[in-house]
Amino acid sequence: MPEIKFPKCTLLGGGERGRIGKTAADDLLILRLIRHLPAETPALRVFLDTVSAPPLSPEAVVARQETLRVFLTHPSLLDGLEEVSARLAQIRQNWDSERAKFFTVRRLSSGDKTTEFYNARLSLQLTARYLKLTLMTLDAVRQLIDRYHFEAPALSALRDACARATTGAAYRRVWETADRVELGILEATSYEVEGTLDDEGRLTAPILADFRFVPASPPRRGGEGGLFSALFRTRSEARADAPPPATEAAYLNEFPSEASYDLLLDAAGETERRMLSLARALLASMESIPRELSFYRVAFLYCRRMADRGVAMVFPEILPEAAHVAEARALRDPILLSEAARPESVVASDLDLSGGGMLIRGPNGSGKTVFLRAASLGVLFGLSGLPVPAASARFSIRRGIFTHFAAAEAALSEASAAGRFEEEVAALAAVLDELTPSSLLLLNETFQSTSYPEGAAGIAPVLEHILALGGNFLFVTHLTELFTLYRDTPGIILCSSSGEAADRYRIRPLGGAAKNI
Amino acid sequence: MAFPSLLYLHSPASRVPLAAKESLCDLGLGDAPGERVLPVLAVGADEAEIPARQAIFSLLDEDPAAADTLRAAAADAAALARLLRALAHTESAAGQDLLFLHAAQTAVSLIGRLETLPVRGALLGGMREALAALTATGWYQNFRRAAALAPPWTGEAVRLRLPQRPVELRAFGGMPTGEMWDALAAQMGGEIVPGRRSASRRLPDGFFEALFRLDEERGRAAHALRERYAPFLLEADWDLSTLTPIADEIDFLLVMRRFFDELRGAGFPLTYPALSPARELRLTDVYDVSLVRRGLTAAQIVPNDAAFSLGGGAHDNFFFLTGANGGGKTSYLRALGAAAVLFLNGCPVPCRGGAMGCFSRLFTHFPNTEDYHDSGRFADELRRAEEIRAAAGPETLAFLNETFSGADEARSAEAGRALAETLWQSGAFGVYVTHIHTLTGGDVPALAAVVDEADGNRRTYRITRVRRTDSSHAADILYRYGLTREQLAERRRTHAGD
């Protein structure tokens, strides 16, 4: 039997996705940022998974931005879609459970062929109801979206897909057939089974072509058409039609009852499979919607929380991969903004990775790691379709966003120090295995578990490798040799955080003599 | 009279097979060209069949239309086999008439296709000769005409009204209901992807009689055809059932051809080494096809030569092979073994050229990952080695990989030396991959995988003849993690190549 596939509806956009490194979500404390939002844990997990695989096309990111804007403007649309999509999941669940009950009864019933065929018809009736419910729910999605006026291509595409499936002559015919089966299959007494002969003279894919209740009467002659067509003619159509052409028939007196019922069981089964595959294909086209709505729900709550705290957010401009841009003006750390008693006190800094890389040094506790996190979350969230806490931002598409945080917080004994360096090397090598052009690599105090000159000599080829591949890095480090090495290297911006009270927590580019350590 | 084979000039039934299926899998042939062809590869070809099969493979290389013809012929032969089986199990006279008609039309189509194949080599020549003898007969020409005139029932739609008796049967000319479901789904925005062939049901014998009553003239024509020609085609002169094994034979040829096309398409050389009367195995630039399967390109795979010979003063028939981990030892072993299997089946060989004698048996001995029951791994290895030792001789090929690694080094060295010396002395051809360097330096000659010590022990994947070896060249930590400046540069070059 052919398989039916409907295009997958998506509110997040299809296509290729980028990825973030295995440790990035933990290193960047994403869960800490969202865990206080009033959302269910599965929804938070979906959000985490979604930002871990940002789209690779600017159009897809912009489409997400537009969808989120619509939900922020019309929260009731998000509520309504969540309700209908829950209904879709419920239909499948109910059907599965009814079928399970039905099969138990069927197994227990002692089966002669007529009982078996009765059960097959019951099963067919159940499936017809399932198909109808599926169609009704898709129609509800269409009607819901039609109530709002907006410009968001993903939502429009969802509405159009539902409209294609629930309007038009084909939809009516399927609906009426399912309706007829649900209402009439148990009462029917005569069935037309249709099939195609194969080269061995066997009947291939026998299927129900028609059925009716026939009081004891001679067999009807003639009648052409497919899929219960005679049943759906209105009276006026029936009158307008010429009588069906008479076809010569042959009669089989020697047709064992068991063979009849075997054929009817095949035909009922094939008809059920047809209905089932249609219903399942329609549901499958919607299967990612509930999960995607979870992402938008968490994104909605995140935006609301920031707005409630008076934080200005901006949707970044998204550029193609080839642009190699990552710039943000007055970028702030969303975690501090979300948690600080006075969000307005959170210091903003500028990010500029467009040239290639940023090296950041500075005293302990002067905001280097916070800036690294702000920049990382800004790029990651921005490329996932979310607004970022900045005055303006421009990001190009990234195939991968990786972190290598040297677990500076972990207390390591001296005895383990030698092994620690090897662990770092292994972890960084694993990251490099995944690295692709246009990746962004965020390094925090990497290779400080060995002597600093050796660490610098070891990391330098890696940084140059990232740039040679067309990627970018942001490296917070105490390996001051690097600042001398790259003092005059175009594309690498040397920055410092300040421990001075007047300028505390702000990251600024180094200039002149300050570049030379 | 039986139709001839496309793979064998003499019946393979009484032959000792060339290799066990497990050995073919050890050599990577189970992954590509795949399990499907292993039963044929395991049998091998004799000295006359090797050039005859080479002729067929070269024809397929040069003439894509011949491959298309063979593909269609294989489908016909498979259908014919099925129809003949159904015919033998049908009691209804009308059913027999219908099946005979369809079988007859399929056989005519199959014979017609085979007749158009160019004659190249002894196997195709034998087939053409047999077909010419058949098609020249007057009765066959009349039969072909009669079969062409009778319309088949295949693909016709019918409807049955059930379950009341008498069951009514009608021909149906409208859009089949199944197709109508597909059409409706398509109109609703769905894409219809063809699936597996739907199940079919055999109906009571009376169905065929009723079908014939729907069109009596057609039924009479089918009946007349069977009455007249069944004695010729089913019982006496030309037994159609002997034509059906050709389906599997063609399948072998086409699967192998697809495999060779993939290799050629990826830029790998293939050639037909000469069949040599001498005891030798000489190949130039032979490579391991399982590396291709793993995605390596022609630029990434390092080919090697093989120069194995016995007689005329040479005793270079069997070698130890040692060297660095990851240096290409097993790949070389696989390359040689697979090349030998392919050559001994009349196939093109993954190399640039060479010559090979005809070997009758091929053995492998790879580490076994299965349970050893109660015997232990070393005992299992000894048992398998004993089978090879017992069959060893100048017509034997043996490819041993880390054999006896299930024991401590001293026992492993002792057993390994004894086995290798026996094989070498018996005149068997092959290699024995080992990490035990003390095995080298004796009578059995040695090969080694070369590393470039001046370049951080870089693996060159070159195999060269050596007197003895003494190091496995453990890599340092930086080399292992690939983070040196040079390695990163190499990584970028590879990336750019991808």
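Residues numbered from 1 in each chain as written. Chains lettered and ligands numbered in written order. Predicted model: local features only at pLDDT ≥ 70, side-chain atom pairs only at ≥ 80, totals over all residues.

Trainee: How should the overall build of chain B be read in this particular structure?
Mentor: Along chain B, the regular secondary structure elements total 18 helices and 15 strands. Relative to its 498 residues, chain B shows a buried fraction of 43%. Long-range pairs, those at least 24 residues apart, make up 74% of the contacts in chain B with a sequence separation of at least 6. (Helix = DSSP H or I, 4+ residues; strand = E, 2+ residues; numbered from the N terminus. Buried ≥ 20, exposed ≤ 12 C-beta atoms within 10 Å, placed from the backbone. Contact = placed C-beta atoms within 7 Å.)

Trainee: How do you make sense of the overall build of chain A when you look at a structure like this?
Mentor: In terms of regular secondary structure, chain A is built from 17 helices and 15 strands. In chain A, which comprises 517 residues, the proportion classed as buried is 44%. Taking the contacts inside chain A whose residues are at least 6 apart along the sequence as the reference set, 79% of them involve residues at least 24 apart.

Trainee: I'm lost on the interface of chain B and chain A in this one. Help?
Mentor: Interfaces are often sized by the accessible area lost when the parts come together. On the side of chain A, 68 residues touch chain B, which itself brings 65 residues to the contact. In terms of residue class, the side of chain B that touches chain A is made up of 36 nonpolar, 16 polar and 13 charged. Pairing analysis gives 6 bridges linking strand S3 (residues 190–197) of chain A to strand S1 (residues 157–162) of chain B, with the strands arranged antiparallel. Across the sheet, Tyr191(A) pairs through a bridge with Leu162(B), a residue of S1(B). (Nonpolar A, V, L, I, M, F, W, Y, C, P; charged D, E, K, R; others polar. Pairing = 2+ DSSP bridges.)

Trainee: Help me out: how do you make sense of the sheet that holds strand S5 (residues 249–252) of chain A in this one?
Mentor: What holds strands together in a sheet is hydrogen bonding between their backbones, with the strands either parallel or antiparallel. Taken in spatial order, the 6 strands of this open sheet run S5(A)-S2(B)-S1(B)-S3(A)-S4(A)-S4(B), and their pairing is antiparallel. Both outer strands of the open sheet, S5 of chain A together with strand S4 (200–201) of chain B, are each paired with one neighbouring strand and no more. Sheet topology places S1(B) next to strand S2 (residues 167–172) of chain B; 5 bridges connect them, and they run antiparallel. When the sheet's bridge partners are listed, Val158(B) is paired in S2(B) with Ala171(B). This element, helix H10 (residues 206–214) of chain B, spans S5 of chain A together with S2 of chain B of the sheet and lies at about 160 degrees to S5(A). (Axes fitted to C-alpha atoms, helices over the stretch in contact; angles between N-to-C directions.)

Trainee: What's the story with the packing of helix H6 (residues 113–146) of chain A against helix H7 (residues 153–166) of chain A in this structure? I'm lost.
Mentor: Helix-helix packing is described using two parameters, namely the angle between the two axes and the distance between the axes. All names here are of chain A. Their axes nearest at 8 Å, the elements H6 and H7 cross at an angle of 140 degrees. Comparing the axis directions of H6 and H7 gives the class oblique. Between H6 and H7 the crossing geometry is left-handed. Contacts between H6 and H7 involve Leu135, Leu138, Asp139, Val141, Arg142, Ile145 and Asp146 from the former and Leu155, Leu158, Arg159, Cys162, Ala163, Ala165 and Thr166 from the latter. Across the contact of H6 with H7, the residue classes tally to 9 nonpolar, 1 polar and 4 charged. (Parallel < 35°, antiparallel > 145°, perpendicular 65-115°, else oblique. Left-handed = near helix turned anticlockwise from the far one by under 90°.)

Trainee: So what exactly am I meant to see when it comes to the environment of Asp179(A) here?
Mentor: Considering the arrangement of structural elements, one finds Asp179(A) in helix H8 (residues 169–184). Remark: the alpha-carbon pair of Asp179(A) and Arg129(A), spanning 50 residues in sequence, is separated by 7.5 Å.

Trainee: Sorry, what's going on with the sheet that holds strand S15 (residues 507–509) of chain A here?
Mentor: Residue and element names in this part refer to chain A. Reading across the sheet, the 7 strands line up as S2-S11-S12-S13-S9-S14-S15 and stay open at both edges, with mixed pairing between neighbours. Both edges of this open sheet fall to strand S2 (19–20) and S15, since each of them pairs with a single strand only. Sheet analysis places strand S9 (residues 357–361) next to strand S14 (residues 492–497), joined by 5 bridges and oriented parallel. Counted as the bridge partner of arginine 361 is serine 496 from S14.

Trainee: Looking at this model, I keep getting lost on helix H9 (residues 177–187) of chain B. Mind explaining?
Mentor: In an α-helix, one turn spans 3.6 residues, which is why side chains three or four residues apart end up on the same side. Along H9(B), the positions that sit buried rather than exposed are Thr177(B), Gly178(B), Met180(B), Trp181(B), Asp182(B), Leu184(B) and Ala185(B). At its buried positions, H9(B) is contacted by strand S1 (3–5), H8, S3, strand S4 (203–212) and helix H11 (257–285) of chain A together with strand S3 (191–193) of chain B.

Trainee: Honestly, unusual backbone geometry in this entry has me stumped. Any pointers?
Mentor: Only a minority of non-glycine residues have a phi that is not negative, and only a minority of peptide bonds are not trans. Along the chain, Leu162(B) connects to Pro163(B) via a cis peptide bond; the corresponding omega equals 0 degrees. Tracing the backbone shows Pro163(B) in the loop between S1 and S2. Here the residue pair Arg165(B) and Pro166(B) is connected by a cis peptide bond, since its omega of 0 degrees sits within 30 degrees of zero. Relative to the helices and strands, Pro166(B) is located in the loop between S1 and S2. Positive phi is not limited to glycine here, since His324(A) has a value of about 50 degrees. Residue placement: His324(A) occurs in the loop between strand S6 (317–319) and strand S7 (326–331). For His324(A), a count of 19 C-beta atoms within 10 Å corresponds to the partly exposed category. Its identity is not glycine, yet Glu445(A) carries a phi of approximately 55 degrees, on the positive side. Mapped onto the fold, Glu445(A) is located in the loop between strand S12 (440–444) and helix H16 (452–468).

Trainee: Can you walk me through the packing of helix H5 (residues 64–88) of chain B against helix H12 (residues 246–265) of chain B in this structure?
Mentor: All names here are of chain B. Running from amino to carboxyl end, H5 crosses H12 at an angle of 145 degrees, the nearest separation of the two axes being 8 Å. As for the relative orientation of H5 and H12, their crossing is left-handed in sense. Residues Ala67, Leu70, Arg71, Ala73, Ala74, Ala77, Ala78 and Ala81 of H5 touch H12, and the partners they reach there are Ile246, Ala247, Ile250, Asp251, Leu253, Leu254 and Arg257. Of the residues in the contact of H5 with H12, the class split is 12 nonpolar, no polar and 3 charged.

Trainee: Explanation requested: the pairing of S9(A) in the structure shown.
Mentor: Across a regular strand the side chains alternate sides, sitting on one face of the sheet and then on the other. Residues and elements named next belong to chain A. Most of S9 sits inside the fold, with 5 of its 5 residues counted as buried. Here S9 shows no split at all, with Gly357, Leu359 and Arg361 on one side and Met358 and Ile360 on the other all buried. Relative to strand S13 (residues 472–476), S9 runs parallel, the two being bridged by 4 bridges. Within the sheet, the bridge partner assigned to glycine 357 lies in S13 and is phenylalanine 473.

Trainee: Would you take a moment to explain the confidence of the model for chain A for this structure?
Mentor: Interpretation of this model should avoid reading the predicted coordinates in detail wherever pLDDT is low. Residues and elements named next belong to chain A. With 87% of its residues at a pLDDT of 70 or more, chain A has an overall mean of 84. Highest mean pLDDT in chain A belongs to S6 (97); lowest belongs to helix H10 (residues 235–240) (39). In the model, residues 221–226 has pLDDT below 50 throughout and makes 19 contacts with residues more than four positions away in sequence or in other chains. (pLDDT = per-residue confidence, 0-100.)

Trainee: Would you mind showing me how to read the pairing of strand S12 (residues 396–401) of chain B here?
Mentor: Residues and elements named next belong to chain B. A large share of S12 lies buried, amounting to 6 of its 6 residues. Side-chain alternation along S12 places Thr396, Ala398 and Leu400 on one buried face and Leu397, Phe399 and Asn401 on a second face that is also buried. As defined by bridge partners, strand S11 (residues 361–365) adjoins S12 across 5 bridges and the pair is classed as parallel. Paired with phenylalanine 363 across the bridge in S12 is alanine 398.

Trainee: Is there a simple way to think about the nonpolar core in this case?
Mentor: Grouped together as the largest cluster of nonpolar side chains are 276 residues, with contacts concentrated most on Leu359(A), Leu80(B), Leu336(B), Ala339(B), Ala340(B) and Val341(B). A per-element tally of this core places H11(A) first, with 12 residues. The contacts of Val341(B), once residues within four sequence positions are left out, are Ala19(B), Leu24(B), Leu27(B), Leu29(B), Leu41(B) and Leu362(B). (Core = buried A, V, L, I, M, F, W, Y, C linked by C-beta atoms within 7 Å.)

Trainee: I tried to follow the confidence of the model for chain B on my own but got confused; where do I start?
Mentor: Residues and elements named next belong to chain B. Looking at chain B as a whole, its pLDDT mean stands at 89, while 91% of the residues score no less than 70. Of all the helices and strands in chain B, helix H17 (residues 477–481) carries the lowest mean pLDDT, 55, while helix H3 (residues 38–43) carries the highest, 97. Contacts of residues 370–374 to residues separated by more than four positions or lying in other chains number 2 contacts, the stretch itself having pLDDT below 50. Contacts for the low-pLDDT stretch residues 471–478, under 50 throughout, to residues beyond four places or in other chains number 12 contacts. For this predicted complex, the interface score ipTM comes out at 0.75, while the overall pTM is 0.69.

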